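The residues making up each chain are set out below.
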Amino acid sequence: MIVQVLGCSGSIAAGCRTTSFLLDDDVLIDAGTGVGDMPLDALARIQHILISHSHLDHILSIGLLADSVMRERKNQPPIQVHALPETLAALRTHIFNGVIWPDFTRLPSAEHPMLALVPIAVGEVLELNGKRVEVLSAAHTVPAVGYAVDGGTAGWWVYTGDTGPNPALWERLARMQVAHLVIETAFGDDERQLARISRHLCPAALGHELQHLAGSVDVHITHIKPGEREAVMAEIGKLGSPHKIRALEIGDVMRLIDEPKRAYA
Ligand SMILES: [Zn+2]
Ligand SMILES: [Zn+2]
């Protein structure tokens, strides 16, 4: 099982894509602008999209993807979009409303639509084509979740989603063997006030959060704003954390395999 990074930036600029991860070739985790770099035949293989929350940088490729693969996925079941009920309601009301975008839950026909919206709940374990994915809590300005992918003896791949400080997450992760933690750091410490009110992390807050994670884990920083990567990573470097912390990049592949091998040496 592999996780490929399609986008890991807080916003757009040349070379920056917003959040999206591809699990093997059939499951998307968030649907940011990074999805647009995939070839059409690869887009057509996606069967499930797991959405962390309703913010634009995480959802904007869902409707465009549905449009792109309409011909390729003819006679195939709808792509299942998994999210909290509140997130699905937001998608129906504000995106697939016939004004911003057509309602692909009823197109090309109500009998054979491109998309099916599937409600999930925190703590639920999804079984997706042999892959087990647990829904984790997140603490953001809108209802939000993270996801943990079960890599068997290789451990779990964990994505926090957009989140501020989140004690419930660390409680759950204390009972998991975490191989990879993808965690956001959306703001630098100079914008810690903004991070607090928008329920994101800054390096100082990240330091506090990571104190709840035992051992020495591969930690991958995501959601840094374009142009702020070096400053944010320098602040993170000063934390003196026991974890192996690096900035995530487009094209990174994190492997979950049943042998003691790491994606990053
Ligand atoms: Zn957000
Ligand atoms: Zn975001």
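For the structure, see preceding data.
Residues numbered from 1 in each chain as written. Chains lettered and ligands numbered in written order. Predicted model: local features only at pLDDT ≥ 70, side-chain atom pairs only at ≥ 80, totals over all residues. Heavy atoms only, no water.

Along the protein, the regular secondary structure elements total eight helices and 14 strands. With respect to the three principal axes, the spread of C-alpha positions in the protein is 55 × 40 × 35 Å. Across the 265 residues that make up the protein, the buried fraction comes to 51%. The contacts of the protein with a sequence gap of at least 6 include a subset with a gap of at least 24, amounting to 57%. As displayed, the protein offers around 11,700 Å² of accessible surface, 54% of which is attributable to carbon and sulfur atoms. Taken as two groups, the 22 positive and 31 negative side-chain charges of the protein have centres that lie 1 Å from each other. (Helix = DSSP H or I, 4+ residues; strand = E, 2+ residues; numbered from the N terminus. Buried < 20%, exposed > 50% of the residue type's maximum accessible area, 1.4 Å probe, protein only. Contact = heavy atoms within 4.5 Å. Areas by Shrake-Rupley, 256 points an atom, 1.4 Å probe, with all protein chains shown as cover. Lys, Arg positive; Asp, Glu negative; His and termini not counted. Charge placed at Lys NZ, Arg CZ, Asp CG, Glu CD.)

The coordination sphere of the zinc ion (ligand 1) contains the protein donors His53 (NE2), His55 (ND1), His140 (NE2) and Asp162 (OD), at a distance range of 2.2 to 2.4 Å. Considering all four donor atoms around the zinc ion (ligand 1), the spread of angles at the metal, 88 to 166°, places the coordination shape in the irregular class. The motif formed by the donor residues of the zinc ion (ligand 1), counted along the single chain, is H-x1-H-x84-H-x21-D. Under the relative-accessibility criterion, His140 is labelled buried at 5%. By relative accessible area, Asp162 is classed as buried at 3%. (Donors = N, O, S within 2.8 Å, 3.2 Å for Na, K, Ca; no water. Tetrahedral: all angles 85-135°; square planar, octahedral: opposite > 155°, others 65-115°.)

Because the α-helix completes a turn every 3.6 residues, residues three or four places apart line up on one side. Taken residue by residue, helix α8 (residues 229-237) has Val232, Met233 and Ile236 as its buried positions. The arc that holds the buried residues of α8, viewed along the axis, is 95°, so those residues lie on one side. Turned more than 90 degrees away from the buried face of α8 sit Glu230 and Gly237, all of them exposed. On its buried face, α8 sits against α7 (203-210), β12 (218-222) and β13 (244-247). (Arc of directions from axis to C-beta.)

By the definition in use, this model includes three aromatic pairs. Seen from their ring centres, Phe21 and Trp157 are 5.3 Å apart, and the 70° between their planes marks the pair as edge-to-face. Highlighted residues: Phe21 in strand β2 (residues 20-23) and Trp157 in strand β10 (residues 156-159), separated in sequence by 136 residues. With respect to burial, Phe21 and Trp157 carry one shared label: buried. Ring centres of Phe21 and Tyr159 lie 5.1 Å apart, and the angle between their planes is 65°; on these two criteria the pair is classed as edge-to-face. Taken together, the positions of Phe21 in strand β2 and Tyr159 in strand β10 put the pair 138 residues apart, joining distant regions of the chain. (Phe/Tyr/Trp six-rings, centres within 6.5 Å; stacked < 30°, edge-to-face > 60°.)

Glancing now at the pairing of strand β6 (residues 115-119). Judged from the five bridges that link them, strand β5 (residues 79-83) and β6 form a sheet pairing that is parallel. Residue pairing for β6: Gln80 is matched across the bridge by Ala116. Regarding topology, helix α4 (residues 85-94) serves as the crossover connection from β5 to the parallel β6, and that connection is right-handed. (Pairing = 2+ DSSP bridges. Right-handed = clockwise from strand over helix to strand, strands pointing away.)

Distances from the zinc ion (ligand 2) to its protein donors, Asp57 (OD), His58 (NE2), Asp162 (OD) and His223 (NE2), fall at 2.1 to 2.2 Å. One can describe the donor arrangement at the zinc ion (ligand 2) as irregular, given that its four donor atoms subtend angles of 89 to 171° at the metal. All donor residues of the zinc ion (ligand 2) come from one chain, and their arrangement in sequence is D-H-x103-D-x60-H. Between the zinc ion (ligand 2) and the zinc ion (ligand 1), the interatomic distance is 3.6 Å, and Asp162 donates to each metal, bridging them. Of the two residues, His58 is situated in helix α2 (residues 56-59) and Asp162 in the loop between β10 and α5 (167-173); the sequence distance between them amounts to 104 residues. Taken as a pair, His58 and Asp162 share a single burial class, namely buried.

A word on the sheet that holds β6. By definition, the strands of a sheet pair up through backbone hydrogen bonds, in either a parallel or an antiparallel sense. Pairing is mixed in the open sheet, where seven strands are placed in the order β6-β5-β4-β3-β2-β1-β14. What marks the edges here is a single partner per strand, and that holds for β6 and β14 (253-255). Across this sheet, the average inter-strand angle for adjacent strands is 20°, counted without regard to direction. (Axes fitted to C-alpha atoms, helices over the stretch in contact; angles between N-to-C directions.)

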